[in-house]
Amino acid sequence: MRVLILGGGVVGITTAYQLQKDGHTVTVLEQAPQVAEGASWANAGMIAPGHSFVWSSPAAPKILLKSLFLKDQALRFKLSADPHLYSWSLRFLMQCTAAKARRNTLLKHRLAVHSQSVLQTVVREEAIQYDRTSAGILYFHRSREALDKGVANMRLLEADGQEIRIVDAQEIVHHEPALAASRGSIAGGILCPTDETGDAAKFTRALAAIVETRGSKILTGTRIVGIERGNEAIARVVTDKGEFVADTYVLCLGAESPILARKIGLGLPIYPVKGYSLTIPSSTGPWLQNSLSSTSTISLPSRRWAIASASPPPRNSQAMTAATSLRILPS
Ligand SMILES: Cc1cc2nc3c(=O)[nH]c(=O)nc-3n(C[C@H](O)[C@H](O)[C@H](O)COP(=O)(O)OP(=O)(O)OC[C@H]3O[C@@H](n4cnc5c(N)ncnc54)[C@H](O)[C@@H]3O)c2cc1C
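Quick look at the structure, then. These figures come from a predicted structure and were not determined experimentally. (Residues numbered from 1 in each chain as written. Predicted model: local features only at pLDDT ≥ 70, side-chain atom pairs only at ≥ 80, totals over all residues.)

On to the overall build of the protein. Looking only at helices and strands, one finds 8 helices and 16 strands in the protein. Burial analysis of the protein (331 residues in total) assigns 25% to the buried set. Within the protein, counting contacts between residues at least 6 apart in sequence, those at least 24 apart form 70% of the total. (Helix = DSSP H or I, 4+ residues; strand = E, 2+ residues; numbered from the N terminus. Buried ≥ 20, exposed ≤ 12 C-beta atoms within 10 Å, placed from the backbone. Contact = placed C-beta atoms within 7 Å.)

Right, let's talk about the sheet that holds strand 1 (residues 2-6) for a bit. Read from one edge to the other, the open sheet built from 4 strands follows the order 8-2-1-12, with strand pairing classed as parallel. The outermost strands of the open sheet, each flanked by one partner alone, are strand 8 (217-219) and strand 12 (248-251). Strand-to-strand, the axes of this sheet are offset by a mean angle of 20 degrees, without reference to chain direction. Across 5 bridges, the pairing between strand 1 and strand 2 (residues 25-29) is parallel. What sits directly across from leucine 6, in strand 2, is leucine 29. Running over the sheet, helix 1 (residues 10-21) touches strand 1, strand 2 and strand 12 and is turned about 170 degrees from strand 2. (Pairing = 2+ DSSP bridges. Axes fitted to C-alpha atoms, helices over the stretch in contact; angles between N-to-C directions.)

Among the 30 residues in the neighbourhood of the ligand, the closest are listed as Gly7, Gly9, Gly38, Gly254 and Gly275. Breaking the shell around the ligand down by element, the ones donating at least two residues are helix 1 and strand 13 (276-281). Top contributing element to the shell around the ligand by residue count: helix 1, with 3 residues. When its residues are assigned to classes, the shell around the ligand shows 13 nonpolar, 13 polar and 4 charged. (Near = placed C-beta within 6 Å. Nonpolar A, V, L, I, M, F, W, Y, C, P; charged D, E, K, R; others polar.)

Strand pairing in a sheet is mediated by backbone hydrogen bonds. Such pairs are either parallel or antiparallel. As summarised here, the arrangement of the 3 strands in space is 9-10-11, forming an open sheet in which the pairing is antiparallel. Among the strands making up the open sheet, the edge pair consists of strand 9 (224-229) and strand 11 (242-244). Sheet twist, expressed as the mean angle between neighbouring strand axes with direction ignored, is 25 degrees.

It is worth spelling out the packing of helix 1 against helix 7 (residues 200-213) at this point. Running from N to C, helix 1 and helix 7 point in directions that differ by 35 degrees, and their axes come no closer than 9 Å. Considering how the two elements wind past one another, helix 1 and helix 7 form a crossing that is left-handed. Of the residues in helix 7, those in contact with Val10, Ile13, Thr14, Ala16, Tyr17 and Gln20 of helix 1 are Ala200, Phe203, Thr204, Leu207, Ala208 and Val211. Its residues assigned to classes, the contact of helix 1 with helix 7 comprises 9 nonpolar, 3 polar and no charged. (Left-handed = near helix turned anticlockwise from the far one by under 90°.)

Let us now look at the environment of serine 134. Tracing the backbone shows serine 134 in the loop between helix 4 (98-126) and strand 4 (137-141). When the C-alpha atoms of serine 134 and threonine 194 are compared, they prove to be 6.9 Å apart, with 60 residues separating the residues in sequence.

The next subject is the pairing of strand 9. Direction of pairing for strand 9 relative to strand 10 (residues 234-239): antiparallel, over a ladder of 5 bridges. Bridging across to strand 10, arginine 229 finds its partner in isoleucine 234. Between the end of strand 9 and the start of strand 10, which pair antiparallel, lie 4 residues.

Bringing unusual backbone geometry into the picture now. The phi dihedral of alanine 36 is positive, around 60 degrees, even though this residue is not glycine. Relative to the helices and strands, alanine 36 resides in the loop between strand 2 and strand 3 (46-47). With 26 C-beta atoms counted inside 10 Å, the residue alanine 36 sits in the buried group. With a phi close to 50 degrees, alanine 127 is a non-glycine residue in the positive phi region.

Now for helix 7. The first and last C-alpha atoms of helix 7 sit 20 Å apart over 14 residues, in line with the 20 Å expected at 1.5 Å per residue. Of the positions making up helix 7, those classed as buried are Ala200, Ala201, Phe203, Thr204, Arg205, Leu207, Ala208 and Val211. Just downstream of helix 7 lies glycine 215, where phi reads positive at about 110 degrees. (Expected span 1.5 Å × (residues − 1).)

Take the environment of glycine 12 next. Along the chain, glycine 12 falls in helix 1. For glycine 12, a count of 28 C-beta atoms within 10 Å gives the class buried. Taking the C-alpha atoms as reference points, glycine 12 and glutamate 30, separated by 18 residues in sequence, lie 9.2 Å from one another. Not counting the four nearest positions on each side in its chain, glycine 12 is found in contact with Ile5, Gly7, Val28 and Cys252.

Across soluble globular proteins, nonpolar side chains show a tendency to be buried alongside one another. Ranked by internal contacts, the top residues of the largest apolar core, which has 28 residues, are Ile5, Leu6, Ile13, Ala16, Val28 and Val211. Contributions of two or more residues to this core are made by strand 1, helix 1, strand 2 and helix 7. Those residues within four positions of valine 28 in sequence are excluded, and the remaining contacts are Ile5, Gly8, Gly12, Ile13, Ala16, Ser216, Ile218 and Leu219. Counting 9 residues, the second-largest nonpolar core is a separate cluster that includes Ile172, Ile186, Ile190 and Leu191. (Core = buried A, V, L, I, M, F, W, Y, C linked by C-beta atoms within 7 Å.)

Right, dumping it as structure tokens:
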């Protein structure tokens, strides 16, 4: 079958890879000069089933309401003239009950565990290098109350098969010696030994090269401007480089998917959120010694800084150098 994949992020390229493996003739359309230039460019790179908790929890409505007045909330809601924000928000709020949060978290956890296993197979079979670390991810808390709450929440995932270890401040410092000076202000944490990190853009670009070598087409610099509908199916995809026709079309445009889907009367329950990430060259030194690789991504939820990707640094390097690239992804 001829398959046209719309979008060359991690979702579009992994879809292309799997469909090509199944014997289909694949073409990917991507507007950017290379693949993985959107959300897949500089995300935190966490492959973390242990982090499967959904945002739509019973606590979310209060946090979002508070964020209208307080700017230091982990999730922030900004009023907008876009009516789609309000229809999406209503659907979001309807998921914020304890029962739905539990159900959605478990669904997300199972999907994450399956995805991690598929990822590991692809990485092993194709020998892809993407700054992978498999030392686990540590979630730690500064107060006993927050730790107890975190552990109680984590029991849900543990009952679903997630491996966890409750660790004290001493063990946290053992994992990350740079936290030694802060030992007194760490109450403890949870280590998810099977969680991983890696560079999503490196992974996506390496996989795209494999897919191209095996005969698929990845047409970068090609902006999709419309999708035309026939009687029962899509008739063609219109781009600034001409029209494309296939037997099947796969929409992988990330945050732009709902905008194009609307043109053919499809309402997708997707609304973009804005996140920040800072990619910096790093090394050992006074900073987080075991948590940063030669380039690491730090995601900044609101004003709080969280180290979100981790890998051992080269042992001979000096203190972390200044940030060389800061890129704010468009909302
Ligand atoms: C700050 C931040 C941190 C994150 N951290 C994590 C994390 O730790 N772990 C995790 O699992 N996820 C994380 N995510 C989420 C993750 O990055 C996304 O879920 C993932 O990258 C989505 O991939 P995608 O292929 O769907 O979208 P994208 O990577 O955005 O790909 C969509 C592609 O479509 C192209 N496109 C769009 N419109 C058009 C058009 N009209 N014509 C042609 N091409 C078009 C874009 O250029 C883009 O390349 C994070 C996201 C952010 C922003």
